[in-house]
Amino acid sequence: MKKKEFIIQDLLSKIYQNHYPEGKLPTQRSLATFYEVSRYTIQDAIAKLRDIGVIDVIQGSGIFVRKNVNQNPLIYNSITATPYRRIISKPIYLRKEKATEEDQRIFELAENEDIWVFQRIRIVNYQIVQIETSRLPYKLFPTLKVEDIAHSIQAYIQQQNYTISHYITSYSPVTINKEQSQLMGCKRGIPAMKIENRCILKGGIVYEYSEVTALDYTCTYITPFNKENHRQRQSDQLFI
């Protein structure tokens, strides 16, 4: 494990163990001395912790743990841990189609309703790392344009005065096919991660279903231990 990644995980561990009860981390100079690394390495680690929403860095005051952060699950991956300024979304296409039967089930649409289908690639630090294909109900977003999918879809949704509630995400290993290899400029057959997302508005309406194929994908979960769930799983095992 690289030194920066070790420092990030060690600081996360300390934060979630309430190692800093006053809610303030040591200075970058102190951290560099403690971990025996350069200030530059510490700055990178602190920047990532800030990007994933764990700390705030206040110029002239210090590094502070965000309130209640250790009471909630934390999930971050190789995209969400990257600042938006280093991510480019390049549209491949945007088109309107008739909803399939599966679309009708997902979005609770009537027959003959339309959906938007778009595909884009994501470029992080000048490298193509993801292909995303998404479907959205046309009736919710009749003004959607190619320029919108070149930026944050979440930002566009909120601009339409909708409130995003939550996401349901699943992961499965895949290999890159011929079409994907041509789009991403990589070898066919190399391993990748398929990420399926159902994106849900406040009120329970699914506003987007997306499938993402990602290269070099990593994901970290920090979740509280669920004692009741653990006890139930142990009880279930006794009856198998």
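Residues numbered from 1 in each chain as written. Predicted model: local features only at pLDDT ≥ 70, side-chain atom pairs only at ≥ 80, totals over all residues. Heavy atoms only, no water.

Naming follows an unreviewed UniProt entry, where the protein chain appears as UbiC transcription regulator-associated domain protein of Listeria grayi DSM 20601.

K.L.:
Would you mind going over the side chain of Ser89 with me for this structure?
P.N.:
Position of Ser89 relative to the elements: it lies in strand 4 (residues 87–98). Residues within four places of Ser89 in sequence aside, it is in contact with Arg120, Ile121, Arg122, Ile149 and Ala150. (Helix = DSSP H or I, 4+ residues; strand = E, 2+ residues; numbered from the N terminus. Contact = heavy atoms within 4.5 Å.)

K.L.:
Just to check I follow, could you spell out the sheet that holds strand 6 (residues 127–137) for this structure?
P.N.:
The strands making up a sheet associate through backbone hydrogen bonding, with each pair oriented either parallel or antiparallel. Reading across from one edge, 4-5-6-9-8-7 is the order of the six strands in this open sheet, with antiparallel pairing throughout. A strand with exactly one partner marks an edge of an open sheet, and here the two such strands are strand 4 and strand 7 (164–175). Along the sheet, successive strands turn relative to each other by an average axial angle of 15°, direction set aside. Pairing analysis gives six bridges linking strand 6 to strand 9 (residues 206–214), with the strands arranged antiparallel. Residue pairing in the sheet places Ser134 in a bridge with Ser210 of strand 9. (Pairing = 2+ DSSP bridges. Axes fitted to C-alpha atoms, helices over the stretch in contact; angles between N-to-C directions.)

K.L.:
Please clarify how the packing of helix 1 (residues 3–16) against helix 3 (residues 39–51) should be interpreted in this entry.
P.N.:
Packed helices, taken two at a time, are described by the angle their axes make and the gap between the axes. The interhelical angle for the contact between helix 1 and helix 3, taken along N-to-C directions, is 50°, at an axis separation of 9 Å. As the angle between them shows, helix 1 and helix 3 are arranged oblique. Two packed elements cross with a definite hand, and for helix 1 against helix 3 that hand is right-handed. Here Lys4, Glu5, Ile7, Ile8, Leu11 and Leu12 of helix 1 come into contact with helix 3, specifically with Thr41, Ile42, Asp44, Ala45, Ile46, Lys48 and Leu49. When the residues that make up the contact of helix 1 with helix 3 are grouped by side-chain class, the tally is eight nonpolar, one polar and four charged. (Parallel < 35°, antiparallel > 145°, perpendicular 65-115°, else oblique. Left-handed = near helix turned anticlockwise from the far one by under 90°. Nonpolar A, V, L, I, M, F, W, Y, C, P; charged D, E, K, R; others polar.)

K.L.:
Got a minute to help me understand the side chain of Glu208 in this structure?
P.N.:
The residue Glu208 is located in strand 9 in this model. Of the side chains with opposite charge, Arg120 comes closest to the buried, unpaired Glu208, at an N-O distance of 5.6 Å. Here the side chain of Glu208 touches Ser134 through a polar contact of 2.8 Å, side chain to side chain. Setting aside its immediate chain neighbours within four residues, Glu208 contacts Phe107, Phe118, Glu132, Ser134, Arg135, Leu136, Ile153, Asn197, Arg198 and Cys199. (Buried < 20%, exposed > 50% of the residue type's maximum accessible area, 1.4 Å probe, protein only. Lys, Arg positive; Asp, Glu negative; His and termini not counted. Salt bridge = Lys/Arg side-chain N within 4 Å of Asp/Glu carboxyl O. Polar contact = N/O pair within 3.5 Å; in protein donor to acceptor, adjacent residues only side chain to side chain.)

K.L.:
Teacher, can you tell me more about unusual backbone geometry here?
P.N.:
If a residue is not glycine, its phi is most likely negative; likewise, a peptide bond is most likely trans. Notably, Tyr126 is not glycine yet its phi reads approximately 70°, a positive angle. Turning to its location among the elements, Tyr126 is positioned in the loop between strand 5 (114–124) and strand 6. A relative accessible area of 81% means that Tyr126 is categorised as exposed. Positive phi outside glycine occurs at Asp216, with the angle close to 50°. Looking at Asp216, the relative accessible area reads 70%, which means it is exposed.

K.L.:
Any chance you could explain the layout of surface pockets here in plain terms?
P.N.:
Of the volumes computed, that of the largest pocket is approximately 1,100 Å³. Surrounding the largest pocket, 36 residues form its lining, Asn77, Ile79, Thr80, Arg122 and Gln154 being those nearest its centre. Residue classes in the lining of the largest pocket are distributed as 18 nonpolar, 13 polar and five charged. Estimated volume of the second largest pocket: approximately 780 Å³. Taken together, 30 residues make up the lining of the second largest pocket; nearest its centre are Glu5, Lys48, Ser78, Thr82 and Arg86. Sorting the residues of the lining of the second largest pocket by element identifies helix 1, helix 3, strand 3 (74–77), strand 6 and strand 10 (219–222) as the ones contributing at least two each. (1 Å grid on protein atoms, 1.4 Å probe; cavity = no way out; pocket = protein on both sides within 12 Å on 5 of 7 lines; lining within 4 Å. Points joined across faces, edges and corners; volume = space filled by probe spheres on them.)

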